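Residue strings, one per chain:
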Amino acid sequence: MMSRARKRLSAEERRTRILAAAVSAFARDGYDGTTMDGIAAGAEITKPVLYDHFPSKQALFLAVLEAIRDSLIARGKTIALDRGSPEQKFRRSVDAFLEFVEQSPDAARVLLTVPVGDPIASGLSREVQAGASAGIAALLAEFMPDQAPWRLESATAFLKEGLHAVAVWWLDHPGPSREEIADVVLDVAWLGLRTRAGADGETTGRGSIDRKR
């Protein structure tokens, strides 16, 4: 006769389950609408066990954001080590971000949606977004050598906010393919960057770039 007793989860397994439930809850209900009771229920654990891992909703929210950020940074580091033209690296970076949005839509919504009702959570969200943008800044440095720091920072902010806006739009309008969305970003962003990259791509009659995979 099969035992009805559940297998006891390790602390790491419980943490993983909690983070997964938190991502779903934050994406579905937003930071303000999410409760620790709801996350505990989603993770199928008791509330005291949840608080053993995370002392507050803010602490759990930060852990979720940091896990998402670290995943994105790892993707960016892999691309940075690859050989290729500036255009190829840029496209791979854009595609890697859009792949994340496509494969983990809930995590993408959590990362891209800044809470408005809690100043501390809002600050945490913007801080983690800034960390996730470090890869963009490093990539832009290849196109903007010897530029004043404020130029690199402002260009990074422009590209980051634009890419985030496109990602949110795509989450709400999932019809176009990932490649089509990447083409939109490349058509808009690369037109300026290509002049600093030595015109690596050839401009077509309508202003698009000749993409080399």
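Residues numbered from 1 in each chain as written. Predicted model: local features only at pLDDT ≥ 70, side-chain atom pairs only at ≥ 80, totals over all residues. Heavy atoms only, no water.

1. Remarks on the UniProt feature "DNA-binding region" (unreviewed entry) in the chain
Residues given the UniProt feature "DNA-binding region" (unreviewed entry) here are residues 35–54. Secondary structure content for residues 35–54 is 75% helix and 0% strand, and the end C-alpha separation is 13 Å. (UniProt positions renumbered as here; feature names shortened; annotations may be inferred. Helix = DSSP H or I, 4+ residues; strand = E, 2+ residues; numbered from the N terminus.)

2. Describing the pattern of salt bridges
Evaluated as defined, the whole model comprises 10 salt bridges. A salt bridge links Glu-44 to Arg-17, with the shortest nitrogen-to-oxygen separation between them at 3.8 Å. Of this pair, Glu-44 sits in the loop between α2 (36–43) and α3 (47–53) while Arg-17 is found in helix α1 (residues 11–33), placing the two residues 27 residues apart along the sequence. Its relative accessible area of 52% is what places Glu-44 among the exposed residues. Arg-178 is the salt-bridge partner of Glu-102, the closest N and O atoms lying 2.7 Å from each other. On the criterion of sequence distance, the pair formed by Glu-102 in helix α5 (residues 86–103) and Arg-178 in helix α10 (residues 178–196) is long-range, its members being 76 residues apart. What you see here is one network of salt bridges that share partners, running through Asp-95, Glu-102 and Arg-178. (Salt bridge = Lys/Arg side-chain N within 4 Å of Asp/Glu carboxyl O. Buried < 20%, exposed > 50% of the residue type's maximum accessible area, 1.4 Å probe, protein only.)

3. Things to note about helix α4 (residues 57–81)
Between its terminal C-alpha atoms α4 stretches 37 Å, which fits the 36 Å expected from 25 residues at 1.5 Å a residue. Burial in α4 covers these residues: Lys-57, Leu-60, Phe-61, Ala-63, Val-64, Leu-65, Ile-68, Leu-72 and Ile-79. (Expected span 1.5 Å × (residues − 1).)

4. Some points on the environment of Asp-70
Turning to its location among the elements, Asp-70 is positioned in helix α4. With relative accessibility at 41%, the residue Asp-70 sits in the partly exposed group. Taking C-alpha positions, Asp-70 is 9.5 Å from Val-128, a pair spaced 58 residues apart along the chain.

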